[in-house]
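One letter stands for each residue in the lines below.
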Amino acid sequence: MKQLFINIKELLQVRNETVEKLSGAEMKELPTLKNAWLLIENDKISDYGEMNSLPEIEADKTINAEGKIILPSWCDSHTHIVYAGNRELEFADRINGLSYEEIANRGGGILNSAKTLQETPEEQVYQQSAKRLEEVMKLGTGAVEIKSGYGLTEEGELKMLRVIKKLQQNYNIPIKATFLGAHAIPKEYKEKPDAYMDLVIEKILPKVAEENLAEYIDIFCEKGYFSVADTQKLLSAAKKFGLKPKIHVNQFNAIGGIQAGIEHDALSVDHLEIMRPEDIESLKGTTTMPVALPSCSLFLSIPYTPAREILDSGLPLALATDFNPGSTPSGNMNLVVSLACIKMKMTPEEAINAATINGAYAMELSKTHGSITKGKKANFILTKEIPSYTFLPYAFGTNSIESVFINGKMLE
Ligand SMILES: N=CN[C@@H](CCC(=O)O)C(=O)O
Ligand SMILES: [Zn+2]
């Protein structure tokens with residue numbers, strides 16, 4: 001099946017050669033073709049060019065994209081899409097003056113979601129999560145990472161990971177699974193947190209690996225959650241099972257999580273709202289992708305990741321949603337890109353690069369996703385008629401997407 005898009009106002013993120021990731025000043029450039037055509041063959045990008053050099057092509061379908069922009073679909077490398085229920089009552093508590101920390105200390109927060117998850121049958125968790133996945137796909141997400149971390153028991157964590165596996169089987173976008181058993185210390189382990197780490201490392205992790213339920217390992221390295229020593233121990237244990245780290249660090253406090261991640265060749269270090277000069281320094285010359293989650297900052301009213309400092313020191317940066325019931329009940333990558341521009345002073349070019357090719361890197365997908373490149377998967381967004389690509393982050397809250405294509409097929 002050959003589909004030809006013609007008269008495309010602008011085709012974004014066109015890379016003739018596959019790039020793994022973009023860093024520093026490279027992120028300022030977003031290669032585009034104006035007045036372009038794009039040929040899709042079955043599920044892949046087959047060719048593209050400018051309209052004045054359109055060869056004769058016998059297509060099964062020709063789509064006139066006049067006035068519209070095409071860009072690769074968003075690569076959302078950090079989500080907690082699999083969960084049960086919601087936490088809107090805590091949202092109201094925060095409006096009435098309680099902090100995220102105070103809510104967590106009262107047994108709310110992650111432990112609240114863990115209780116709900118444990119009480120909800122697997123099929124219902126699947127149905128609720130599938131609905132959220134479909135919602136974000138319609139918003140332009142074409143590859144996603146999903147974490148466990150609301151189980152906090154062997155049964156609960158395996159339930160979550162099995163739900164992720166079922167999503168992988170039933171949806172045709174790449175879904176990367178991450179084991180986040182070390183997300184919070186369950187109430188029963190409050191006085192003996194080391195025993196919970198032992199459970200995660202000695203009991204749950206080997207099962208996760210044995211059943212091949214996750215590719216990545218995560219931990220919430222934060223005061224009141226898990227220490228740097230816990231992080232070191234878990235990442236070393238996970239390495240033996242071939243699980244690569246993608247970790248939660250520097251959300252509220254900088255305690256050395258970045259350095260622990262780097263020591264273990266983390267694929268990504270995520271959150272980074274609180275960054276010391278030495279944290280930026282440590283990331284230089286590594287293969288670890290820093291990941292910012294601006295909708296979490298918006299929702300919790302916490303600082304935004306200092307993107308300018310990160311980029312101006314030559315580092316790469318990816319953007320993701322952090323979709324979860326507590327700190328970010330939104331999986332909208334369009335909003336993330338807008339917030340990156342508005343609140344983090346990233347240029348539209350930097351933000352689009354961060355949400356496509358660098359997001360793909362943070363899921364080890366840069367060879368197949370994240371850019372308009374021959375041979376890559378035909379996962380892309382066709383916008384409505386808009387004046388320019390800068391309009392996308394500028395018109396925050398407006399849905400500028402006309403349709404989304406996954407593996408060459410338009411989402412219904
Ligand atoms: N910070 C840790 N985990 C999630 C929030 C979890 C929750 O509040 O349910 C995050 O990335 O923001
Ligand atoms: Zn998270």
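None of these values were measured; they are calculated from a predicted model. (Residues numbered from 1 in each chain as written. Chains lettered and ligands numbered in written order. Predicted model: local features only at pLDDT ≥ 70, side-chain atom pairs only at ≥ 80, totals over all residues. Heavy atoms only, no water.)

Trainee: Help me out: how do you make sense of the overall build of the protein in this one?
Mentor: Each helix and strand in the protein was counted, giving 15 helices and 16 strands. Computed over its C-alpha atoms, the radius of gyration of the protein comes to 21 Å, within 12% of the 22 Å expected for a compact globule of 412 residues. Expressed as lengths along the three principal axes of its C-alpha atoms, the size of the protein is roughly 70 × 45 × 45 Å. When each of the 412 residues of the protein is scored for burial, the buried share is 59%. In the protein, the proportion of contacts linking residues at least 24 apart, taken out of those at least 6 apart, comes to 73%. Of the roughly 16500 Å² of accessible surface on the protein, 49% is carried by carbon and sulfur atoms. One way to put it: in the protein the 44 positive side-chain charges average out to a point 1 Å from where the 55 negative ones average out. (Helix = DSSP H or I, 4+ residues; strand = E, 2+ residues; numbered from the N terminus. Rg over C-alpha atoms; globule rule 2.2 N^0.38 Å. Buried < 20%, exposed > 50% of the residue type's maximum accessible area, 1.4 Å probe, protein only. Contact = heavy atoms within 4.5 Å. Areas by Shrake-Rupley, 256 points an atom, 1.4 Å probe, with all protein chains shown as cover. Lys, Arg positive; Asp, Glu negative; His and termini not counted. Charge placed at Lys NZ, Arg CZ, Asp CG, Glu CD.)

Trainee: Can you walk me through the environment of Phe-396 in this structure?
Mentor: Here Phe-396 lies in the loop between α15 (391-394) and β15 (401-406). Residue classification places Phe-396 among the exposed positions, given a relative accessible area of 54%. Residues Phe-396 and Leu-39 lie 357 residues apart in sequence; the distance between their C-alpha atoms is 30 Å. Look past the residues within four positions of Phe-396 in its chain and what remains in contact with it is Ser-338 and Ile-342.

Trainee: What exactly am I supposed to notice about the environment of Gly-257 here?
Mentor: When you line up the elements, Gly-257 lands in helix α8 (residues 257-263). Of the residues examined, Gly-257 reaches a relative accessible area of 0% and is grouped as buried. Residue contacts for Gly-257: discarding those within four places in its chain leaves Cys-221, Val-228, Ile-247, Val-249 and Asn-250.

Trainee: Whenever I open this one, the pairing of strand β5 (residues 68-72) confuses me. Can you help?
Mentor: Residues in a regular strand point their side chains to alternate faces of the sheet. With five of its five residues buried, β5 lies for the most part within the structure. Relative to β5, strand β1 (residues 2-12) runs parallel, the two being bridged by two bridges. The partner of Glu-10 across the bridge, within β5, is Ile-69. Looking at chain direction, β5 and strand β14 (residues 380-385) are connected through four bridges and run antiparallel. Note on β14: the bridge partner recorded for Leu-71 is Ile-381. (Pairing = 2+ DSSP bridges.)

Trainee: Would you mind going over the coordination of the zinc ion (ligand 2) with me for this structure?
Mentor: Geometry sets the ideal angles at a metal, namely 109.5 degrees for four tetrahedral donors and 90 or 180 degrees for six octahedral donors. Listed as protein donors to the zinc ion (ligand 2) are His-78 (NE2), His-80 (NE2), His-248 (NE2) and Asp-322 (OD); their distances from the metal cover 2.1 to 2.2 Å. Of note, the donors binding the zinc ion (ligand 2) are all from one chain and are spaced H-x1-H-x167-H-x73-D. In this pair, His-78 sits in the loop between β6 (74-76) and α1 (88-95) while Asp-322 sits in the loop between β13 (318-319) and α12 (333-344), placing the two residues 244 residues apart along the sequence. Residue Asp-322 is classed as buried on the basis of its relative accessible area, which comes to 1%. (Donors = N, O, S within 2.8 Å, 3.2 Å for Na, K, Ca; no water.)

Trainee: Is there a simple way to explain the site of ligand 1 in this structure?
Mentor: For ligand 1, the set of nearby residues contains 15 residues, the closest of which are Tyr-100, Tyr-150, His-183, Gln-251 and Ser-327. Within the side chain of Tyr-100, one N or O atom sits 2.4 Å away from an oxygen atom of ligand 1. Side-chain polar atom of Ser-327 to an oxygen atom of ligand 1: 2.5 Å apart, as the coordinates give it. Taking 330 Å² as the accessible area of ligand 1 by itself, protein coverage stands at 100%. Residue classes in the shell around ligand 1 are distributed as four nonpolar, nine polar and two charged. (Near = heavy atom within 4 Å. Polar contact = N/O pair within 3.5 Å; in protein donor to acceptor, adjacent residues only side chain to side chain. Nonpolar A, V, L, I, M, F, W, Y, C, P; charged D, E, K, R; others polar.)

Trainee: Teacher, can you tell me more about the nonpolar core here?
Mentor: Buried together is how nonpolar side chains tend to be arranged in soluble globular proteins. Grouped together as the largest cluster of nonpolar side chains are 112 residues, with contacts concentrated most on Leu-133, Leu-167, Ile-175, Phe-179, Leu-319, Met-344 and Met-346. A domain split of this core shows at least three residues from each of domain 1 (2-72 + 371-410) and domain 2 (75-361). Discounting residues that sit within four places of it in the chain, Ile-175 has contacts with Leu-133, Val-144, Ile-146, Ile-164, Leu-167 and Gln-168. Of all hydrophobic cores here, the second largest spans 18 residues; its members include Ile-8, Ala-36, Ile-40 and Phe-405. (Core = buried A, V, L, I, M, F, W, Y, C linked by side-chain atoms within 4.5 Å. Domains from an automatic or database assignment.)

Trainee: What is the right way to read the UniProt feature "binding site: 4-imidazolone-5-propanoate" (unreviewed entry) in the protein from this model?
Mentor: The sites that carry the UniProt feature "binding site: 4-imidazolone-5-propanoate" (unreviewed entry) are, in the present numbering, Arg-87, Tyr-150, His-183, Gln-251 and Ser-327. Within the secondary structure layout, Arg-87 lies in the loop between β6 and α1. For Arg-87, a relative accessible area of 6% puts it in the buried group. A distance of 2.7 Å separates polar atoms of two side chains, one belonging to Arg-87 and the other to Glu-90. Within the secondary structure, Tyr-150 sits in the loop between β7 (141-147) and α5 (154-170). (UniProt positions renumbered as here; feature names shortened; annotations may be inferred.)

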